[in-house]
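# Architecture at a glance
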Amino acid sequence: MKACTAGAAVTAAAVVGLSALLTPGAAIAARYAEPVLYDPTELIVQYRSAPAAASAKTRQLRLGLQVRRRLRDGRTQLLQLPAIADFDALRRELAADPDVAFAEPNYLRRSRAAFPDDPLFADQWALFVSDPPQSNFVPDSDGFDSVPGADMNLPAAWDSDSDGTADRIGSPAVVVAVIDDAFDLDHPDLAANFGAGRDLVDDDDDPRADAEGLLDHGTLVAGSLGAIGDNGEGIAGVAWSLTMMPLRIGEIRDGEVRLSDAAILDAYEYARTNGAQIVNASYGGPSFSQAERAAIEALGEAGILFVTSAGNFNSNLDYSAAAYPANYGLPNIVAVAASNRQDNVASFSQYGPVSTDVAAPGLQIVTTYVGGGYITGAGCGDEGGSCGVSGTSFSAPHVAGIAALIKSVHPDADYRELRARLIEGAEDGAAGGDVGELTAGGRVDAARSLALTPQPSLLIRSLRLVDDGNQRLDPGETLDIEVEIINLWQATSDTQATLVAPQGITVRSGPQDLGSLVQGATATTRFTIDVGPLTEAYRDLDFILELEADGGSYRAQRHFRRELAELTPGTPVTATLSTGLHDEFHTYHVDVAPTAGTRFVVCSKAGADIDLLVKYAGPPQYDIDLGAPPEDEPTFFTDADAVGGAEDGNEVVPIGSPRTGTYYVTVVNYALTDMLSYQLEAFLEPAGAAAVGASGTICGTAAQENVRGGDAGGDGGGGAPGAATLIGLLALRALRGYQRRRHACAKVRCSTPLPPLST
C-alpha cells in the first residue's frame, strides 16, 4: 500500500497576500452576464402529434440521437446529439421532417446570482465554474480544466429572487452533526457556525483537533460544508449559516488515526438525542456492523437524514465491493460519489447507480485547515505545494450543505423529501459526463433542488435476476429481471416502468403498470430478457429503467449494471482492466460438476499484481486496502502483502473437495495499473496431481511459487501456507475491519495516491 498526503496547508496570512489575485470579479460574474447561448450537444424537437413522436425512434437511432427528456405527452423531446454530430446540419434535417413542428437549440437562461467576497472563492470550482473556467491546479494539465456546468450552482441557489443578493444561505436553526476525527473550533471561517459538540473519545465537551496535527480531517470537512460566506475571509461553504454539531471520533494509536465503531455509535446517539436534523459521515470501511446499521436506522426513525461518502476505491458498490455505512441501503441514507472537473465520477471514487444516490465535486477542493489556515491549489506540483484535497470525504459535506439549505427554505421537509430533492434536482452531467449513469440522480444542483415543486421521486430500491439460480447473465439464457421501485416523495398515479437494455440483450416485456404509489411505498415488477452470445470475455452492461407517472408529467431514468462474464472450465479467457473506466473488479461465474477425487483450480497470468477471489454460491466482496471482509467467508483469495508471495499476476487458487454448483471468481486490479491485460482459467484436475494447475494451459508449474491459499477444503480456510496463517490473517482483518477510514487523501493511508488529474 502507498501513502498519500494532501500537501501543505496555506496560512491565513498567505490568503490575505493572495486576495488581490483571487477576489471574484468580472470573470466570474460574466457567466451570468453573457447573451443567451445554447448547448451545442442538445436539441429540442416538437413533433406534430404523439404518434409521430413515437414513430421517430427508428430515425433517431439512425442519427445517433438519444432522448434525454420528454414533455407534453412525449410530443416535445430533448435530444442528446452524438459527440461528432454537426449541430446545424442535424437541426436542419430534423426541421425538414413534415412530422416535426420545430427543432431548436436548448437555450441556456441565466439569472442574476450572488457572489461572495471570500478571497479564495475564485478557486472553488465545485461551487461555481467561472467564465473562463478555472484551470486544473496541476501545471500543464491540458484538457482537464473545469467544464461549465460541472459545479453545484451555488450562486443561483444563494439568491432566491435573482437580485444579486444572497438571501438563501441557510439558518442557525438547522443543525448538522459532523462526525469526524476532530475540529479547529477557533478557525475564523468556522467558529461562528460551530455549536455545542462532544468528544466521544475522551468523553468531554471539547472535540478540538490534537496538537500532533494528525486529526485535521474534520476541519477540512467542516469548511466544505459550512464555512462562513461573504465575510472577506478565506472560502465560502455551501451553507453560510447553520449550526454544525462537531462530534469527535478520532484518536491516535501508534502514530495513525483510528476511527472505531464504538466511538461512532456514541456519536450517532448524541446526534439523535441532541437535536441534529442532518448527519455528515465522511468515513467508511468494508465491514458490515449490525450495531451501526441499527443506529442509523434509529436516526431515520427520529427523522434525521444521514449523508455519507461512497468511498475512494474505484469500484461499483452495487456488487463486488463493500463499503459501510454507504452500503446499508436504509431509506434515510444518502450515499455520495465524487465528481471531477469534467462532471465524470472521479477516477478514485466508488459509485453504483443503485447504491449511490448522487455525486458531488470531490477533486481538488479548497477548504479550511487546522490552525486558522486553508488548503488551496497553491504550488501544485511543486515540493511543499498543494493541489487542494480530494476524496468522497468532501463530496458528502457538499451534499449535506445543500440539504441544510433545503431544510432552511423548506423547514417541514422530512428526510425522504430532502433525499428526493437532492436526487431529482441532480443533473445527468455537463458535456457528456457520466455522473448520471453511475449514480441514481447525477451530480447535485443546489438551485434546482431548492426550486423543485413537490413531485414523485421513484428509485430502484433493489433488483435480482430470476434465472437458473446463479443470479448471473448467461449467454443464450432467457430470464427475468425483478426490480423493486420505491417512491420517496409525492404520491403517484398511473406509474409505468420500461426497461431499455444494452446491445446484445433483448427485452421481451413491454411497459409495466405499477399503479399508484404513496410516499414510502414500493412496487415490484419483472422484465423478461434474452441474453445474446458472449462476444467478449467480460462485459459490464448498462441497463436503463425509464419511469413515468401522473400521465407523463413525471419522468426519470434510473440505471443499473450487470456483468456478463461466464467462465467455462478448461477454456482460458483474456480481458483487460482499465482504471480510467471505473474498471478495477471483474467477476466471472463458473458452473462446476466435480467428480470424486478432483479439485477445482483457478489461475491467472498478468503483467502486474492482481488478486483472485473465489467463492461458492455468491460473488465475494473485496476492499483493495483490506482484502475480503471476514464475514464474507468462505472466500479463497490471494494476497501478496499478507502471505508473502511474489507481487505479480501469476496467481493460483486450488480448492480441494469442491462442491457442485456455481463458483464466483473476482479479478482485482491490485496494482491499480491502467489497461492491465490478464488471462484467466478455471478447471478440474485430479486431486493428486503432481503440480497444482499443471493441467491448465494458462497456469503450469512456473506459477506454483505464487499459490496463496494452498489446497483449500470445500468449506473454506485450510491448506498451505497453513490454516494457522490464514486464520491469523482473517483475525487481523476482523480487527481492522471494524474501524472506519476517512475518505480523503489527507495524511491518511489510501490504496493509491488520489490523482490530481481526472482519468
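As shown above, the structure is provided for reference.
Our subject in this report is the structure included herewith. As the structure is a computational prediction, the values presented were derived from the model and not from experiment.

Once that is clear, we can look at the overall build of the chain. In terms of regular secondary structure, the chain is built from 15 helices and 36 strands. Sequence separation of 24 or more characterises 77% of the internal contacts of the chain that already satisfy a separation of 6 or more. Accessible area of the chain: about 27100 Å², with a carbon and sulfur share of 50%.

The next subject is the state of the cysteines. Taken as a whole and judged by the stated rule, the model has one disulfide. Note that Cys380 is cross-linked by a disulfide to Cys387, the S-S spacing being 1.9 Å. Handedness of the Cys380-Cys387 disulfide follows from its S-S torsion of about 85°: it is right-handed.

Under the counting rule described, the total for this entry stands at 13 aromatic pairs. Geometrically, the ring pair formed by Phe183 and Phe194 is edge-to-face, given 6.0 Å between the ring centres and 70° between the ring planes. Of this pair, Phe183 sits in the loop between strand E6 (170–180) and strand E7 (198–199) while Phe194 sits in the loop between E6 and E7, and the two are 11 residues apart along the sequence. With centroids separated by 5.0 Å and ring planes inclined at 65°, the aromatic side chains of Tyr616 and Tyr663 adopt a geometry described as edge-to-face. Of the two residues, Tyr616 sits in strand E30 (residues 611–616) while Tyr663 sits in strand E33 (residues 661–668), which places them 47 residues apart along the sequence. Among the residues examined, Tyr616 registers a relative accessible area of 22% and is labelled partly exposed. Under the relative-accessibility criterion, Tyr663 is labelled buried at 0%. Grouping aromatic residues by their ring pairs yields a cluster made of Phe121, Trp158 and Trp240. We note Arg341 situated over the ring of Phe137; from NZ or CZ to the ring centre the distance is 5.0 Å.

As for its position among the elements, Thr576 is in strand E27 (residues 573–577). Spatially, the C-alpha atom of Thr576 lies 6.1 Å from that of Tyr678, the residues being 102 residues apart in sequence. Apart from residues lying up to four places away in sequence, Thr576 is in contact with Asp583, His586, Met675, Leu676, Ser677 and Tyr678. A distance of 3.1 Å separates the side chain of Thr576 from the side chain of Ser677, its partner in a polar contact.

Here we take up the packing of helix H8 (residues 261–273) against helix H9 (residues 290–301). In contact at an axis separation of 10 Å, H8 and H9 are set at 10° when each is read in the N-to-C sense. Comparing the axis directions of H8 and H9 gives the class roughly parallel. Contact with H8, carried on its side by Asp261, Ile264, Leu265, Tyr268 and Arg272, involves Ala291, Glu292, Ala295, Ile296, Ala298 and Leu299 of H9 and no other residues of that element. Grouping the constituent residues of the contact of H8 with H9 by class yields eight nonpolar, no polar and three charged.

Assignment of secondary structure puts Trp489 in the loop between strand E20 (478–487) and strand E21 (495–500). Its relative accessible area of 3% is what places Trp489 among the buried residues. Not counting residues within four places of it along the chain, the set of residues in contact with Trp489 comprises Glu417, Ala420, Arg421, Leu452, Thr453, Pro454, Gln455, Pro456, Ser457 and Gln519.

With that settled, the discussion passes to the pattern of salt bridges. A full pass over the atoms with the stated rule returns 31 salt bridges. For Arg198, the salt bridge identified is with Asp205, shortest N-O distance 2.4 Å. In this structure Arg198 comes out as buried when scored by relative accessible area, which is 17%. Exposure remark for Asp205: the relative accessible area of 57% places this residue in the exposed category. Across the salt bridge formed by Arg419 and Asp357, the nearest N and O atoms sit 2.9 Å from each other. One end of the pair, Arg419, is in helix H11 (residues 415–424); the other, Asp357, is in the loop between strand E14 (333–339) and strand E15 (358–361), with 62 residues separating them in the sequence. One network of salt bridges, with partners in common, ties together Arg59, Arg62, Glu93 and Asp97.

Below, the discussion takes up the packing of helix H10 (residues 392–409) against H11. Packing of H10 against H11 leaves a shortest axis separation of 10 Å and a crossing angle of 115°. Like other packed secondary-structure pairs, H10 and H11 cross with a definite hand, here right-handed. Of H11, the residues touching H10 (which contributes Val399, Ile402, Ala403, Ile406 and Lys407) are Leu418, Arg421 and Leu422. Across the contact of H10 with H11, the residue classes tally to six nonpolar, no polar and two charged.

Our next topic: the sheet that holds E21. With respect to topology, four strands assemble into an open sheet ordered E23-E21-E25-E26, the strand pairing being antiparallel. Taken across any chain shown, the strands that pair with only one partner, and hence form the sheet edges, are strand E23 (512–515) and strand E26 (554–564). Recorded for the sheet is a direction-independent mean angle of 25° between the axes of neighbouring strands. The sheet contact formed by E21 and strand E25 (residues 539–549) spans five bridges and is antiparallel. Across the sheet, the residue bridging to Gln496 is Glu548, located in E25.

Moving on, we get to the environment of Gly329. Within the element layout of this structure, Gly329 appears in the loop between strand E13 (305–309) and E14. A relative accessible area of 60% places Gly329 in the exposed class. Residues Gly329 and Arg293, 36 residues apart in the sequence, show an inter-C-alpha distance of 9.3 Å.

What follows is about unusual backbone geometry. Looking along the chain, the bond that leaves Asp131 and enters Pro132 is cis, with omega of 0°. Its location among the elements puts Pro132 in the loop between strand E5 (100–108) and helix H6 (154–158). Positive phi, normally seen in glycine, also occurs at Asp203, with a value near 60°. Residue position: Asp203 is located in the loop between E7 and helix H7 (217–226).

Definitions and limits used
- Residues numbered from 1 in each chain as written.
- Predicted model: local features only at pLDDT ≥ 70, side-chain atom pairs only at ≥ 80, totals over all residues.
- Heavy atoms only, no water.
- Helix = DSSP H or I, 4+ residues; strand = E, 2+ residues; numbered from the N terminus.
- Contact = heavy atoms within 4.5 Å.
- Areas by Shrake-Rupley, 256 points an atom, 1.4 Å probe, with all protein chains shown as cover.
- Disulfide = S-S within 2.5 Å.
- Phe/Tyr/Trp six-rings, centres within 6.5 Å; stacked < 30°, edge-to-face > 60°.
- Buried < 20%, exposed > 50% of the residue type's maximum accessible area, 1.4 Å probe, protein only.
- Lys NZ or Arg CZ within 6 Å of the ring centre and 35° of its normal.
- Polar contact = N/O pair within 3.5 Å; in protein donor to acceptor, adjacent residues only side chain to side chain.
- Axes fitted to C-alpha atoms, helices over the stretch in contact; angles between N-to-C directions.
- Parallel < 35°, antiparallel > 145°, perpendicular 65-115°, else oblique.
- Nonpolar A, V, L, I, M, F, W, Y, C, P; charged D, E, K, R; others polar.
- Salt bridge = Lys/Arg side-chain N within 4 Å of Asp/Glu carboxyl O.
- Left-handed = near helix turned anticlockwise from the far one by under 90°.
- Pairing = 2+ DSSP bridges.

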